[in-house]
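One letter stands for each residue in the lines below.
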Amino acid sequence: MAEYTVYANALEQCRLADELGFDFVWAVEHHFLEEYSHCSAPEVFLTAVAAQTKRIRVGHGAVVCVPEMNHPIRIAERAAALDLISGGRLEFGTARSSTWTELGGFGADPDHTKKSWDEFVRVIPKMWTQDCVEWQGHSFTMPERDVIPKPLQQPHPPMWVTVTSPGTELDAAERGLGSLGVAAVSYDEQERRTTDYHRVIKNCEPVGAVVNDRVHTMNFMYCHEDYRVASRVGLPMVATFNTLNAHLYWTREAHATDAYPSLGNLGQSLRLAANADDPSAAKGLPEGLGIGDPDHLVAVIRRWEAIGVDGINFVLNAGEVVSQEDVLGSLRLFASEVIPKFRSRESAASRVDAPTTLPEGIDPC
Amino acid sequence: MLTGTADLSSLVARLAPPTIPAWDHEPVELRGVDCLQLVAELRRPAREVTLPRGLHPTEPPALIIQAWKVDESVWGPFSICFTRLSCRSGVRARGFTTACVSDNDVAGDQLATRWGFPNREGGVRLRTHYDACELEVTVDGRPILTIAGIDPQALSTGSLQYTASLNLAETPNGLRLVQVEAAHDAERVQRVGGRITSFDAASWGDNRLEPYHVVATTLARDRTVRLAPIRFACLPEISAFEGTEVIETNRGNHE
C-alpha cells in the first residue's frame, strides 16, 4: 500500500480517536525498516495530528536519543514547538534504538547509546526550563545559549522512557520518568515491573522539573461485537506485527555488546528460548490481548488496571492487514462500549492524567 | 514480507548439501575452543536471492563468518570455518550455512554426516595473540579467506549471543534445513577490530556474496562447545510455521 495512503489512514484514525475520547496518540521513530513502521519523521506526523485534533495528547513514543540520529538541541527545539502548536498536549518519550539496521545506518556505536540517552534526558529539561544553558558532556558540548522556543506546558512536557528489557523500568523510576512499555509482557511480569517501578520512584532523583510516575503498556486492539470475528480479523494483525518485528536485525545479534541484553522485542517468557527451540512455534500471543468483543476487552483492561497500569497504548494495525473501515469501526465500538466502563469512574475534568508535581524538597533543574 | 527467492535446485547444485544417513542421538563436546566471529553487511542484491524460500532475510543482509580452533575432541584437535547468512526461520534468528572448511577429515566428515555442515577439506589457521588475531582459510593451497583482527577489548561473557545454524542436508526425512544448536561455555570474550583482507565469494557458496562493511568481530575462548543432536528440521521452501518437523527421538535430548 502506498505510504501516502498509510499516512492518510493514520491521520484519519487520530482524528476519529480524538472525537471519540481516546486520551493519547503515540508515534514511534524508526529508520530504514522496509517492512515495518515507515515512521522516520514523527515530529512531522505528530504536528499534523496536533493541527487536526483538539484534545487528544500527542506522544513521542519515542525520540531516539542518539546523537548521530538526533542532536539534543534540535530535539528540545522541535518538542517545544510541537508543544506550542498542540496547545500543551505533548508527551515526550525517549529511547535509544535497538536494531543494527538503524544504529548501523547512522554509524552510531551501540556501546554508547545508553550513555547518550542518560545525558539527553538530563540536558533537555534544562533547555526547556532555563534561559541560559551550557553543557559539556559525553555526547556533545555547547557554550551558553538560550534554546528556544520554550514549551507551553509548565514546567515542561511529561517525560517517558520506552521499556523493553527488564530493568529499564528501574532506570525510568530512578529518574522520575514515566514507564512506556513497548514490548508485550505477561500479567505477572508487568505486575513485578510496576511494583518495582513504584517502589523506586518514591525516592527518585528526577532528571526534570516534574516527576511522571505513570506506567503505560503496549497492547493490540481490535473490537467487534462478535468475538469470533474479532479473532479472525485481529489475530492476523498481531501475528503480522510480531513476525515483522522478529525479522528486524537486532543490535545484540550483529554487534556483541553489554549495552543490549535482549535479543529483540520477544516477550519475557520467550526471550530465553529465542535461540534454541522449535522454529515453527509462532510467537506466543501476549497475555491480556485487546482482541475480542467489548466485554472481553473490559475484563482484560480491568486486569491490567488492577496490577497498576495507568494506560494502555494500542497498536491498531500492522502491515495494513486490517482494513481502514474495520479499524475505524473497532475504534467506534471500543469508544461506545468499553471506554465508558472506565471513564464513568473518573470526573470529566480529570479525564487525562496530568503530570504530578515535584516531590517536596526537590529543586527544579 | 521479504522471503528468500533462491531456486532450490540451483542452491543444491551450488552448496552440495551433505547426506545425514540417520538421525544421531549423541551430543558431542568440543573442549578448549577459540571462536572467532566476524559479522559483515552484504550488498543489497544478495539479500533474497541467496536464501531458500522458507527463510527470511534480515535488513540489512549480513554474512556471519565463524572459525573454531578446537584443542580437544573425540576426533582430535581440529579447526573449522563456516559462513552463514543472517536470516529468520519463522520468528527465530538463524544463520543459513553456505560453506564450510575444516582441516581434519574425520571431524569434517562427522560434522557433515551428523549435523549437515557442507564440509570441504582444507587449511584453517586461527592464530590469537594478546594484541591481534589472524584467520587464513585455504583450499588446495589457495587462500579463500583471510581476516585480521587487532586491539582486543574485553567484553562480559554474557554480551555475546550466537544464533543457531540451519544447514541444508539430505536427511532421512528428505532434503531439509537442519537446525544446529551449539552451546558455548565462554570463559573470555573480546571484541577486536576486524577486517576481511581477502574473500573468494564463489568458494563460500555464492559469487554474489560481497561482505563490504564489517559490523563487529569477536574472539571468544570457550571452555566447551556442545553440539546437541538435531531436534528440528525444516522444509526449505515452506515457512517454518508450517514446515518444521520435530525429530521425535531427540525431542528431550537437549542440554
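Model, not experiment: these values are computed from the prediction.

Asks: Where do I start with the interface of chain B and chain A in this structure?
Replies: Where interface size is quoted, it is often the accessible area lost as the parts come together. Residue-level contacts link 43 residues of chain B with 34 residues of chain A. For the pair chain B and chain A, the summed buried surface comes to about 3,300 Å²; carbon and sulfur atoms form 49% of the total. Of all residues in chain B, the largest losses of buried area upon contact with chain A belong to Val91(B), Arg92(B) and Gln161(B), amounting jointly to 22% of the total for that side. One can count four salt bridges joining chain B with chain A. Among the ionic pairs, Arg88(B) bridges to Glu253(A), the shortest N-O distance being 2.7 Å. The interface formed by chain B and chain A includes 15 residue pairs in polar contact (both at pLDDT 80 or more). Elements with a minimum of two residues in the side of chain B that touches chain A: β1 (28-42), β2 (56-57), β4 (78-89), β5 (92-102), β13 (211-227), β14 (232-234), α3 (240-243) and β15 (244-246) of chain B. Here the side of chain B that touches chain A is composed, by residue class, of 19 nonpolar, 14 polar and ten charged.

Asks: Sorry if this is basic, but what is going on with the confidence of the model for chain B here?
Replies: If pLDDT is low for a region, its predicted coordinates should not be looked at in detail. Residues at a pLDDT of 70 or more form 98% of chain B, whose mean pLDDT is 95. Scoring the predicted complex yields pTM 0.89 and, for the interface, ipTM 0.88.

Asks: Got a minute to help me understand the pairing of strand β12 (residues 182-199) of chain B in this structure?
Replies: Every other side chain in a regular strand lies on the same face of the sheet, so the side chains alternate between the two faces. Two elements, strand β9 (residues 142-155) of chain B and β12(B), share nine bridges in a ladder whose sense is antiparallel. In the sheet register, Gln153(B) faces β12(B), and the bridge partner there is Arg191(B).

Asks: Is there a simple way to explain the pattern of salt bridges in this structure?
Replies: When charged atoms on two side chains of opposite charge get close, those side chains can pair. All names here are of chain B. Within the structure shown, the criterion is met by 39 salt bridges over all chains. Across the pair Arg 14 and Asp 206 runs a salt bridge, and its minimum N-O distance is 3.1 Å. Here the residue Arg 14 occupies a position in helix α1 (residues 8-15), and Asp 206 occupies one in the loop between β12 and β13, the gap between them amounting to 192 residues. Two residues, Glu 72 and Arg 31, come together in a salt bridge whose shortest N-O distance is 3.5 Å. Taken together, the positions of Glu 72 in strand β3 (residues 62-72) and Arg 31 in strand β1 put the pair 41 residues apart, joining distant regions of the chain. Through salt bridges that share partners, Asp 34, Lys 69, Asp 71, Asp 185, Glu 187, Arg 221 and Arg 223 make up one connected network.

Asks: Can you help me understand the packing of helix α2 (residues 42-52) of chain A against helix α3 (residues 72-85) of chain A in this one?
Replies: Packed helix pairs are specified by the crossing angle of their axes together with the interaxial distance, meaning the distance between the axes. All names here are of chain A. Between α2 and α3, whose axes approach to 9 Å, the crossing angle comes to 10°. Judged by the angle between their axes, α2 and α3 are roughly parallel. Residues Glu 43, Leu 46, Thr 47 and Ala 50 of α2 form the contact with α3, whose participating residues are Arg 78, Leu 82 and Ile 85.

Calculation notes
Along each chain, numbering runs from 1 in the same order as the chain's sequence is written. Going through the entries in the order they are written, you letter the chains from A and number the ligands from 1. Totals for whole chains, interfaces and linings use every residue, but because this is a predicted model, local features are given only for residues with pLDDT of at least 70 and side-chain atom pairs only at 80 or more, for both listing and counting. Processing note: side-chain calculations cover all non-hydrogen atoms of the structure and skip hydrogens and water entirely. Here, two residues are considered to be in contact whenever any of their heavy atoms come within 4.5 Å of each other. Summed over both partners, buried area is the accessible surface (1.4 Å probe) that two parts give up on being assembled. When a carboxyl oxygen of Asp or Glu is within 4 Å of a side-chain nitrogen of Lys or Arg, the pair counts as a salt bridge. Think of a polar contact as two N or O atoms within 3.5 Å of one another; within protein, one of them needs to be a possible hydrogen donor and the other a possible acceptor, and neighboring residues in sequence only count if both atoms come from side chains. Only DSSP runs of H or I reaching four residues or more are called helices, and only runs of E reaching two or more are called strands; each is numbered from the N terminus. Each residue receives one of three labels: charged for Asp, Glu, Lys and Arg, nonpolar for Ala, Val, Leu, Ile, Met, Phe, Trp, Tyr, Cys and Pro, and polar for the others, Gly being one of them. Here pLDDT means the predictor's own confidence in every residue, given as a number from 0 to 100. Pairs of strands are assigned from DSSP output, requiring at least two bridges between the strands. Axis lines are fitted through C-alpha atoms, for helices just across the contact stretch, and the angle between N-to-C directions can take any value from 0 to 180 degrees. Convention used here: angles under 35 degrees read as roughly parallel, angles over 145 as roughly antiparallel, angles from 65 to 115 as roughly perpendicular, and any remaining angle as oblique.

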